[in-house]
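Each chain is listed here by its residues.
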Amino acid sequence: MAAEDLYPSAAGRPARGIARKAAAGAVLAGYSWLAGGLAPFTTRSLLSVLLPGAVLGAIAYGRPPERIPAPATMDVAGFSYWLIAVAALFEWEASAFISGSHWWHPSLTELITPLIAPHPVRSAAICVWLLGGWALVRR
Amino acid sequence: MTTRIITMTGFAGLLAVLAALEVLGRRPGNRIPTAGQWLGYLMRRPAGRLLVLLGWLWLGWHYFAR
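Residues numbered from 1 in each chain as written. Chains lettered and ligands numbered in written order. Predicted model: local features only at pLDDT ≥ 70, side-chain atom pairs only at ≥ 80, totals over all residues.

(A) Examining the overall build of chain B more closely. Counting secondary structure elements, chain B contains 3 helices and 0 strands. Order of helices (α) and strands (β) in chain B, N terminus to C terminus: α-α-α. Dimensions of chain B, computed from C-alpha atoms along their principal axes, come out at roughly 45 × 40 × 15 Å. Across the 66 residues that make up chain B, the buried fraction comes to 20%. (Helix = DSSP H or I, 4+ residues; strand = E, 2+ residues; numbered from the N terminus. Buried ≥ 20, exposed ≤ 12 C-beta atoms within 10 Å, placed from the backbone.)

(B) Layout of the packing of helix α3 (residues 43-61) of chain A against helix α6 (residues 119-137) of chain A. Residue and element names in this part refer to chain A. Relative to each other, α3 and α6 sit at 15°, their axes nearing to 10 Å. When the axis of α3 is compared with that of α6, the two are roughly parallel. Viewed along their axes, α3 and α6 form a crossing whose handedness is right-handed. On the side of α3, the interface is formed by Pro52, Leu56, Ile59 and Ala60, while α6 contributes Leu130, Gly133, Trp134 and Val137. (Axes fitted to C-alpha atoms, helices over the stretch in contact; angles between N-to-C directions. Parallel < 35°, antiparallel > 145°, perpendicular 65-115°, else oblique. Left-handed = near helix turned anticlockwise from the far one by under 90°. Contact = placed C-beta atoms within 7 Å.)

(C) Representation of the environment of Leu56(A) within the structure. Residue and element names in this part refer to chain A. Mapped onto the fold, Leu56 is located in helix α3. The class for Leu56 is partly exposed, based on 18 C-beta atoms found within 10 Å. For Leu56 and Gly133, which are 77 residues apart along the polypeptide, the C-alpha to C-alpha distance reads 7.2 Å. Apart from the residues lying within four places of it in its own chain, the contact partners of Leu56 are Gly133, Trp134 and Val137.

(D) Summary view of the interface of chain B and chain A. Contact with chain B, which involves 35 residues of that partner, is made by 41 residues of chain A. Mapped by element, the contributors of at least two residues to the side of chain B that touches chain A are α1 (3-25), α2 (35-42) and α3 (46-65) of chain B. Per-element accounting of the side of chain B that touches chain A gives the leading share, 12 residues, to α3(B). Partitioned by chemical class, the residues of the side of chain B that touches chain A number 21 nonpolar, 9 polar and 5 charged. (Nonpolar A, V, L, I, M, F, W, Y, C, P; charged D, E, K, R; others polar.)

(E) The packing of helix α4 (residues 76-98) of chain A against α1(B), seen in detail. At a minimum axis separation of 10 Å, α4(A) and α1(B) run at an interaxial angle of 160°. By the angle between their axes, α4(A) is roughly antiparallel relative to α1(B). The chirality of how α4(A) crosses α1(B) is left-handed. Here α4(A) contributes Tyr81(A), Trp82(A), Ala85(A), Ala88(A), Leu89(A), Trp92(A) and Ala96(A) to the contact with α1(B), which in turn contributes Thr7(B), Gly10(B), Phe11(B), Leu14(B), Val17(B), Leu18(B) and Leu21(B). Partitioned by chemical class, the residues of the contact of α4(A) with α1(B) number 12 nonpolar, 2 polar and no charged.

(F) Just the confidence of the model for chain A, in detail. Of all residues in chain A, 91% attain a pLDDT of 70 or more, and the chain-wide mean is 89. When mean pLDDT is compared element by element in chain A, α6(A) scores highest at 96, while helix α1 (residues 3-6) of chain A scores lowest at 50. (pLDDT = per-residue confidence, 0-100.)

Okay, here's the thing in structure tokens:
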């Protein structure tokens, strides 16, 4: 017996779900492409970051999606590995930043910025950033 | 070896460590949490959620708006 025989209203759900995901993917790709083409240090590029921030902030606090449950406890020893690695990364970045971020001692920003300069790469990076934001909202 | 290469090696090494921690965290029975788990733990309270989301927004501003 088919699912639509048991639950007539569920017949269109899978198709609707796929259509919604396809639409969301198209919007995400289109927005990433448009935002990736904006010149840095402009009001438009600033707005292209603030707009998804405002939208995701509103969703996170106003109408949050079904969230992945957070662990009730955290293993301190296990978490400390992350803490040490992240602190070391910040320290490494700070040492380069404080020394002026010269060619001979570049900061991570100085290294990444030229890599994401081409439009397609920049758009892909923005897409990953947006997906990361959505993943945070779901947590 | 120039200081530039040492600096770049340091960044690459630290990023590799972060990736390795994520891989280890996904193995069953491991004490190391995944990034999603510890971020989720930090976001249990509204203040933690706000800080994490602001960090995400700062990343976007830092790399894409300036």
